[in-house]
Amino acid sequence: MMLRAGTAVTCLACRSLLSPRMGLRVGVPVQKLHPLSRAIHHRYSNANAQRTPHRTAARHFTSLSRLPPRTHKYRYGGQGGHGYQQHRTFWVARLATRLLKLRYLVLGSAVGGGYTAKKTYEDWKDSLPDLSEYTWVVPDFVWELSEQIDLEKLASALPELPDAEELAKLIPDLEKIGENFTFLKGLLSTESPADSALNAPEAPVAAATAATTAASAESGGDKQYKKTSDKEKIDQLQEELLRSQMKYQRMLERLEKENKELRKVVLQKDDKGIHQRKVKKSLIDLYSEVLDILSDYDSNYNTQDHLPRVVVVGDQSAGKTSVLEMIAQARIFPRGSGEMMTRSPVKVTLSEGPHHVAMFKDSSREFDLSKEEDLAALRHEIELRMRKSVKDGQTVSAETISLSVKGPGIQRMVLVDLPGVISTVTAGMASDTKETIFSISKAYMQNPNAIILCIQDGSVDAERSIVTDLVSQMDPQGKRTIFVLTKVDLAEKNLSSPSRIQQIIEGKLFPMKALGYFAVVTGKGSSSESIDSIKDYEEDFFQGSRLLRDGMLKAHQVTTKNLSLAVSDCFWKMVRESVEQQADAFKASRFNLETEWKNNYPRLRELDRNELFEKAKNEILDEVISLSQVTPKHWESILQKKLWERVSTHVIENIYLPAAQTMDSGTFNTTVDIKLKQWTDKQLPHKALEVAWETLQEEFARFMAEYKGKDQDDIFDKLKEAVKDESIKRHKWNERAMDSLRVIQHNALEDRSITDKPQWDAAIQFMEETLQSRLKDTESVITDMVGPDWKQRWMHWTNRTPEQHVRNETKNELERLLKLQEEHTAYLANDEVTTVRKNLEARGVEVDPVLIKDTWHQLYRRHFLQKALGHCNLCRRGFYYYQRHFVDSELECNDIVLFWRIQRMLVITANTLRQQLTNTEVRRLEKNVKEVLEDFGEDTEKKTQLITGRRVQLAEDLKKVREIQEKLEAFIEALHKEK
């Protein structure tokens, strides 16, 4: 091989590889070399130095390995020194003394100097770093070159060759090259570290360039080298540089893979002790919890959520989801060809863990992302949640789905995948879909600390992009935007001008600005591709891409791996810069809320909606339990009274009055028995159960009202009313109780045996009270019909209406008829109606026959009730005749027996219902109330509707702000510890 390099190119280390007798013929100046290579390899070069290259390099390298020799300065000049005087006496003693002194001086100087030199060398050696870890910096072909080529044999064989002297002038000094290879190996060995290696991180590239240049120079000769154009040499250098970069990129990936496996083992060992000690949440998990709380927080104090998150936006089908999947290292999202799949925002929290798993925020199920079944189940679950969040008639939803993904080697960050921006609403979409997507995207991007990951499809014309204009509006300076060009493989294949891609990546084509620009490839477009196959395809593409080879793209701007690292670094930088400011904002908000609470509710505890619900729940259950403390006497009294109010009309109108119209006692009793049997079979049990259920409700409400009068908070009124109504709605009375109650009531009504005088008197009293009540009601009806009498008209200056005047005249006429016939039946005959009408017409009163009958009904009813009350007084002494079955007596008191039977039925029914209430229904009601309270407790929307007010909202805000502040402080503390 022959090395041909110019003096303006080579550095001191490079000149050591050349023979001092060689000519330097390459015309590439130092400024044309790679900047890092020039800065590192030529940092000691001096264009004005006129030194021999070989000696300068040797002196430079030897100065790193040993201390420079110290020059000795003699105290005395010349051979004997100055001031030498000969002494004639005692010269033997003086000689011996000087010899002894010189011995001690030499010995002491040797010992002290050796110790000092050793200590100085050890200190200097310890101050240098261990460069054994940097052996990878030197490319492999350098080591292989020094091992495969025996430079000593080649140097010894040169003199034997013909024209050896001429050949020696053309080739480098192989002995010196061998020495420098040996020195380079020792330079990076553990035994002799050197400071120059630390300052040369790009030595492989420079060495590879020098070796390539030397190889081409040696193989081609002087004539061929002169013909090589500068462009070809630059192309060769760039190709070798790219090859070296890709080689070390693969090396880094291999090391990262090994590191990932080691970290996985460490995390698995740490995971074994998870049940033996308290689990410490990771930094990203703490941050994700804060974001989850903030997503549900609505503050009235303008404390907005400005915490950083990575917002992924892009046109529909631009590859947003694919990029996110490459970052998460799993195909976790549902996929479709051209169809809108992302229908709601998906917040993905990425963190490192021993196993590659995913989990929803509101679920405990873990999806193993290494198994295809779990991946399919996860995609299906995400799709179901998206469709469930979309309301009827809508296409997209603003409801966020929260998901966490853990795995070895995953970069920690929080990303939000938004629905793709569309330009046209197609069939099947809601008319406001485009505006809704824009509003959702703007809501996330307007956060001043949000990192916008703008995804642009590289396979379509840049002018068709919509998202770039939207991003430019939200971040005009591009201080928090990262631009990602996807499908670069299709772009390179389809575009006739590759420089257009370069313009996009350099930010010259779009008006938008960005922090960084990246180009990625997310597969061949098949949904069945695995993440590993996509990575391999992406690496192979960029390795052979002329975009990278021609310098249009930089190596750090390609692959999703570099994108993930850059986004993660940017995310954590933004978090560190803004999290404390956000914590201060919530601290101020907390102070405002606490001040408002102290001023408005100084004597009340800060109970949020859930705590208030628990308090109300306990009060309601206490009120239900109070029903069991009601005495049996109270139950029976209420039930008996309410049941008689419900059935009294039917008994008087449909049973007693028709039976009383009969002429003898046998017909009366027969009529009564038939009507009581019909009533018991059809109506009475139903009426009794209705009365019992209403009584239970009224007592429940009464206890609630009494409790409210003590210390109850009126904030619970709506909740208690809703619980009561829902419990009553759910309550079903036992149907078998109705059948048994029917039998009991039938037996009670069939009994006619009054055993003693008190029961007889009680029946008479019950009958009198009932008839007097009915008579009072009838009198009131008649008064309303005929209007005020003369006294009321005189006292209150009121007059009758024409209708009342007609009814009054009709009443007077009917009363004369009734006075003439006191035993008249309940109904008027037609001829009697005609007679009354003609008598009234004779007095100038026009009257309708229907009005005559209605008036007659009320007058006869009053007449009958008055007679019945008189009969009750006669029957007070009739118990003796009753015992003799009214034999040889004109007094008949069958109506008293009827009312006794009714009264006894009421007592027995009330007792039966009371037993059923206290033994069964109260407990069932308590169970229903508990179920209703449990259902309401799980329904957040229901609690929000029933427990309202500024006090509740203020307590809710206080709780949320305190929780957010505490979690932010815990996160900031963990963040400082990680620093």
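A brief report on the enclosed structure follows. (Residues numbered from 1 in each chain as written. Predicted model: local features only at pLDDT ≥ 70, side-chain atom pairs only at ≥ 80, totals over all residues. Heavy atoms only, no water.)

## Re the environment of V405
Heads up, the condition is: Secondary structure elements are taken from DSSP: a helix is a run of H or I of four residues or more, a strand is a run of E of two residues or more, and numbering for both begins at the N terminus. Two residues qualify as a contact provided that any one of their heavy atoms is within 4.5 Å of a heavy atom in the partner residue.
Looking at where V405 falls in the secondary structure, it is placed in strand β5 (residues 401-407). A sequence separation of 55 residues divides V405 from L350, and the C-alpha atoms of the two residues are 5.1 Å apart. Every residue in contact with V405, bar those within four places of it in the chain, is listed here: A328, I332, V348, T349, L350, S351, H356, V357, A358, L369 and I410.

## As for the pattern of salt bridges
The following threshold applies: We define a salt bridge as a side-chain nitrogen of Lys or Arg found within 4 Å of a carboxyl oxygen belonging to Asp or Glu. Burial here depends on accessible area, computed with a 1.4 Å probe over protein chains only, as a share of the maximum for the residue type. Under 20% is buried, over 50% is exposed, and the range in between is partly exposed.
Applying the stated criterion across every chain, the model contains 45 salt bridges. K811 is the salt-bridge partner of E815, the closest N and O atoms lying 3.3 Å from each other. Placement of both E815 and K811 in helix α30 (residues 802-820) is noted, with a separation of 4 residues, approximately one turn of the helix. Here K811 falls in the buried class, since its relative accessible area comes to 13%. Among the charged side chains, a salt-bridge network with shared partners connects R590, E594, E606 and R962.

## Focus: the nonpolar core
To be explicit about the condition: What is meant by a nonpolar core is a set of buried Ala, Val, Leu, Ile, Met, Phe, Trp, Tyr and Cys residues, joined one to another through side-chain atoms within 4.5 Å.
Membership of the largest hydrophobic core comes to 101 residues, with the highest contact counts inside it found for Y656, W679, W760, I896, I902 and V929. Dropping the residues within four chain positions of it, I896 is found in contact with W760, A763, I764, M767, C872 and C875. If you look at the next biggest cluster of nonpolar residues, it comprises 66 residues, including F367, I382, I451 and F586.

## As for the state of the cysteines
Worth spelling out the cut-off: The disulfide criterion is simple: two cysteine sulfur atoms within 2.5 Å.
Tallied over the full model, the rule gives 1 disulfide. Linked covalently through their sulfurs, C875 and C893 form a disulfide whose S-S length is 2.1 Å. Its torsion about the S-S bond being -100°, the disulfide of C875 and C893 is classed as left-handed. Of the two residues, C875 is situated in helix α32 (residues 849-875) and C893 in the loop between α33 (879-883) and α34 (894-938); the sequence distance between them amounts to 18 residues. No disulfide involves C872; its nearest neighbouring cysteine sulfur is the one of C875, lying 6.7 Å away. Among the residues examined, C872 registers a relative accessible area of 0% and is labelled buried.

## What to know about the packing of aromatic side chains
Applicable threshold: Two aromatic rings, drawn from Phe, Tyr or Trp (for Trp, its six-membered ring), form a pair once their centres lie within 6.5 Å of each other, and the interplanar angle then sorts them: stacked below 30 degrees, edge-to-face above 60, tilted otherwise. In our convention, an over-ring charge means Lys NZ or Arg CZ found within 6 Å of a ring centre and within 35 degrees of that ring's normal.
Under the counting rule described, the total for this entry stands at 14 aromatic pairs. Ring plane angle 25° and centroid distance 6.4 Å describe the contact between W572 and F971, whose orientation is recorded as stacked. Here W572 is found in helix α21 (residues 560-600), whereas its partner F971 is found in helix α36 (residues 950-978), with 399 residues between them in sequence. Its relative accessible area of 5% is what places W572 among the buried residues. Linked through ring pairs, W644, Y656, F766, F864 and F899 together constitute an aromatic cluster. The cationic tip of R385 hangs over the ring face of F360; the distance from NZ or CZ to the ring centre is 4.0 Å. The ring of F613 has K943 sitting right over it, with the charged end atom 5.6 Å from the ring centre.

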